[in-house]
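Fold and contact review
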Amino acid sequence: MARLILDHASVEFPIFGARSSSLKFTLAAAATGGRISRHSGVTVVQALHDISLELRDGDRLGIVGHNGSGKTTLLRTLAGAYVPTRGKYLREGTVSSLIDPMVGIEADATGYENITIRGLILGLSRQKIRLLTPEIAEFSGLGEYLSMPVHTYSSGMMMRLAFAIATSIRADILLMDEWLSVGDAGFQRHAESRLQDIVTNAGILVLASHSPGLIERECNMLLELDHGIARGVRRLTGASSFSPESAFAG
Amino acid sequence: MPERHASASSDWWSGTKNTDLWLTLAWYDIVLRYRRSVLGPLWLTVSMGIILLGMGPLYATLFKVPMSQFFPHLTLGIIFWNFFTATIIDGCSVLIQAAPYLKQMEFPGSVFVWRSLARNLIQLAHHIVLYIPVALWAGIALSPRMLLFLPGIAISLVNLHAMSLTLGILCARFRDVTQLVSSSLQLLMFLTPVFWFPDSLPERSKFILYNPLAQLLDVLRLPLLGVAPARGTWIFLLFFTTLNICLAATLYAVKRRQVVYWL
């Protein structure tokens, strides 16, 4: 049973060394970013403001909003990386976060070595990694490239590897940023079925995207962020099941 | 993925017990740096050997001391000093460099402190082998007092771990601390008997030996020379270690959740 709860949670970043000038105050009204304010001389960026959210098994939440509206910050908060500065965060179940696919990727190490390193970071035992390696290798479709240093890969190949590793572990909660649209058509079809598999297994999916269409198709809940403030969470009707064909359409 | 815990000690421990993760990361830190070189990590040994061979005869002549007495002292001095400073300077950036990990998921900071410590221990292992030919050449006999090296290295590791934890948190918040630490260490090198003999210091200047790194150097170097460190050294270090642990534990308990906001 997976659960994710945010109760009046706020995330505020102190920005040290940024002397707050009048220019900074005008920025607060800008089209992008969170709200900027000052407390006791330190510039504070309010990335998320007073967000309340409750997700349970079967919930597939889509997050939309402009650049800097707090989508990634919200994903990181849901992953447990940022402890809210105000409000509460509660989580039940394991998390697999695909927020930044490049975390723990060593450019000079080979594909196989990176499978080991990333596997350990994700909390797998060496034995488990050995068992999963053939599956990851096959899924990535990289073949002999896996014995080559990762810096020889294109960004699409890198994404294949990262995606293959990150999705090889089964977690109760899956957090994804929009980076998945990098792969070519062949890999996307391949990835779609994997994603569907995960979504049916994962209790909760949270997906941040700039594509309202994609979210309306794949999610059953929608959260719109605007300058770090939630413009309401609403349940979407009609999109009751995950449709693999459209997962990468956006 | 190691979980972050409510209490600082269980958080620290969940990172500490994940030995496979931090040892692997430390190992790749070393291996990947030398991947395309022919000698590989042996370069660590070779470059240290070149420094020692160059400095040994020079300083023995300058200080007018017999080479057989000076060379083992200098070898261990430079090797251990290098270990201290490299670990402390790495300690400053330990959390800053772990930012991509810390921003993506729950991670105990202690994993990255251990990673840095393990990496520096691997380097130390590559350096310390140079002492074997030096000791044989200087005719240093095996003695049971050499076993005192074991408590010596244990105390050093505890202190370096605590210092890295403290500095890792401080430097994430105050970026000037890194610069302050590295320039202090440069000065401290001359105030510590890395090159010179403590005995050559006039009585009124002996107080400078009471810097923690000079005391730590003593419990590592003297046993390997076949000499037991003074009792005062152990007592001094007992107090220093306690202080160090208290400082690190307090900072970790109070600030560990905030660190990610400063990265």
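This is a predicted model, so every value here is computed, not measured.

What chain B contains, in helices and strands, is 12 helices and 0 strands. Whereas a compact globule of 263 residues would reach a radius of gyration of roughly 18 Å, chain B reaches 19 Å, a difference of no more than 12%. Burial analysis of chain B (263 residues in total) assigns 39% to the buried set. Restricting to contacts in chain B with at least 6 residues of sequence separation, those with at least 24 account for 77%.

The secondary structure content of chain A amounts to 7 helices and 10 strands. Considering chain A as a whole, with its 250 residues, one finds that 43% of them fall into the buried category.

Moving on, we get to the packing of helix H4 (residues 67-92) of chain B against helix H7 (residues 131-138) of chain B. All names here are of chain B. Packing of H4 against H7 brings their axes to within 9 Å, and their N-to-C directions diverge by 165°. In terms of axis orientation, H4 runs roughly antiparallel to H7. The two elements H4 and H7 meet at a crossing, and its hand is left-handed. Along the contact surface, H4 presents Ser68, Phe71, Pro72, Thr75 and Leu76, while H7 presents Tyr131, Val134, Ala135 and Ala138. Its residues placed into classes, the contact of H4 with H7 shows 7 nonpolar, 2 polar and no charged.

Residues and elements named next belong to chain A. Taken across its 6 residues, strand S4 (residues 60-65) has 6 buried, putting it largely inside the fold. What you see with S4 is no split at all: Arg60, Gly62 and Val64 on one side and Leu61, Ile63 and Gly65 on the other are buried throughout. Summarising the sheet, S4 and strand S8 (residues 204-208) pair through 4 bridges and their orientation is parallel. Each bridged residue has a counterpart across the sheet, and for Gly62 the counterpart in S8 is Leu207.

Here the focus is the confidence of the model for chain A. All names here are of chain A. Summary statistics for chain A give a mean pLDDT of 78 and a share of 82% for residues scoring 70 or more. Predicted confidence in chain A is weakest over helix H1 (residues 22-27), with a mean pLDDT of 48, and strongest over helix H4 (residues 126-140), with 90. Note on residues 20-26: pLDDT under 50 across the span, and 4 contacts to partners over four residues away in sequence or across chains. This stretch, residues 239-250, has a pLDDT under 50; its non-local contacts, to residues over four places away or in other chains, come to 28 contacts.

On to the domain arrangement of chain A, then. All names here are of chain A. Partitioning chain A into domains gives domain 1 (3-94 + 171-246) and domain 2 (103-170). Each side of the interface is counted separately: domain 1 has 9 residues, and domain 2 has 10 residues. Broken down by class, the residue content of the side of domain 1 that touches domain 2 amounts to 5 nonpolar, 2 polar and 2 charged.

Before going further, it helps to examine the interface of chain A and chain B. Accessible area lost upon the coming together of the parts is a frequently used measure of interface size. Taken together, the 23 residues of chain A in the interface contact 19 residues of chain B. Going through the elements one at a time, strand S1 (3-15), helix H2 (71-79), strand S6 (95-98) and helix H3 (111-121) of chain A are the ones with two or more residues in the side of chain A that touches chain B. If you tally residues by element for the side of chain A that touches chain B, the top one is H3(A), at 3 residues. Of the residues assigned to the side of chain A that touches chain B, the class counts are 14 nonpolar, 4 polar and 5 charged.

Close inspection of predicted coordinates is inappropriate for parts of the model with low pLDDT. Confidence in the prediction for chain B averages 90 pLDDT; 98% of positions are at 70 or higher. Of the two predicted TM-score estimates for the complex, the pTM is 0.86 and the ipTM is 0.79.

Let us now look at the packing of helix H3 (residues 42-63) of chain B against H4(B). Residues and elements named next belong to chain B. Viewed as axis vectors pointing N to C, H3 and H4 meet at an angle of 135°, and their least axial separation amounts to 9 Å. In terms of axis orientation, H3 runs oblique to H4. In terms of crossing hand, the pair formed by H3 and H4 is right-handed. Residues Met48, Ile51, Leu52, Met55, Gly56, Pro57, Tyr59, Ala60 and Phe63 of H3 form the contact with H4, whose own contacting residues are Met67, Phe70, Phe71, Leu74, Thr75, Ile78 and Ile79. Grouping the constituent residues of the contact of H3 with H4 by class yields 14 nonpolar, 2 polar and no charged.

Here we take up the environment of B:Ala253. Relative to the helices and strands, B:Ala253 is located in helix H11 (residues 231-255). Taking the C-alpha atoms as reference points, B:Ala253 and B:Asp11, 242 residues apart in sequence, are found 9.3 Å from one another.

Residues and elements named next belong to chain B. Inspection of helix H1 (residues 8-16) places Asp11, Trp12 and Gly15 among the buried residues, and these make up the whole buried set. Along the long axis of H1, the arc covered by the buried residues comes to 100°, so they all point the same way. The elements touched by buried residues of H1 are helix H6 (110-128) and H11.

All names here are of chain A. Along the chain, Pro84 falls in the loop between H2 and strand S5 (86-92). Take Pro84: there are 18 C-beta atoms within 10 Å of it, and that puts it in the partly exposed class. Counting along the chain gives 10 residues from Pro84 to Leu74, while the straight-line C-alpha distance between them is 9.9 Å. Leave out the neighbours within four places in its chain, and Pro84 touches Ala9, Ser10, Val11, Thr77 and Tyr89.

Another point: the environment of B:Ala230. Its place among the elements puts B:Ala230 in the loop between helix H10 (212-224) and H11. Along the sequence, B:Ala230 and B:Ala154 sit 76 residues apart, while their C-alpha atoms lie 17 Å from each other.

Rules used in this analysis
Residues numbered from 1 in each chain as written. Chains lettered and ligands numbered in written order. Predicted model: local features only at pLDDT ≥ 70, side-chain atom pairs only at ≥ 80, totals over all residues. Helix = DSSP H or I, 4+ residues; strand = E, 2+ residues; numbered from the N terminus. Rg over C-alpha atoms; globule rule 2.2 N^0.38 Å. Buried ≥ 20, exposed ≤ 12 C-beta atoms within 10 Å, placed from the backbone. Contact = placed C-beta atoms within 7 Å. Axes fitted to C-alpha atoms, helices over the stretch in contact; angles between N-to-C directions. Parallel < 35°, antiparallel > 145°, perpendicular 65-115°, else oblique. Left-handed = near helix turned anticlockwise from the far one by under 90°. Nonpolar A, V, L, I, M, F, W, Y, C, P; charged D, E, K, R; others polar. Pairing = 2+ DSSP bridges. pLDDT = per-residue confidence, 0-100. Domains from an automatic or database assignment. Arc of directions from axis to C-beta.

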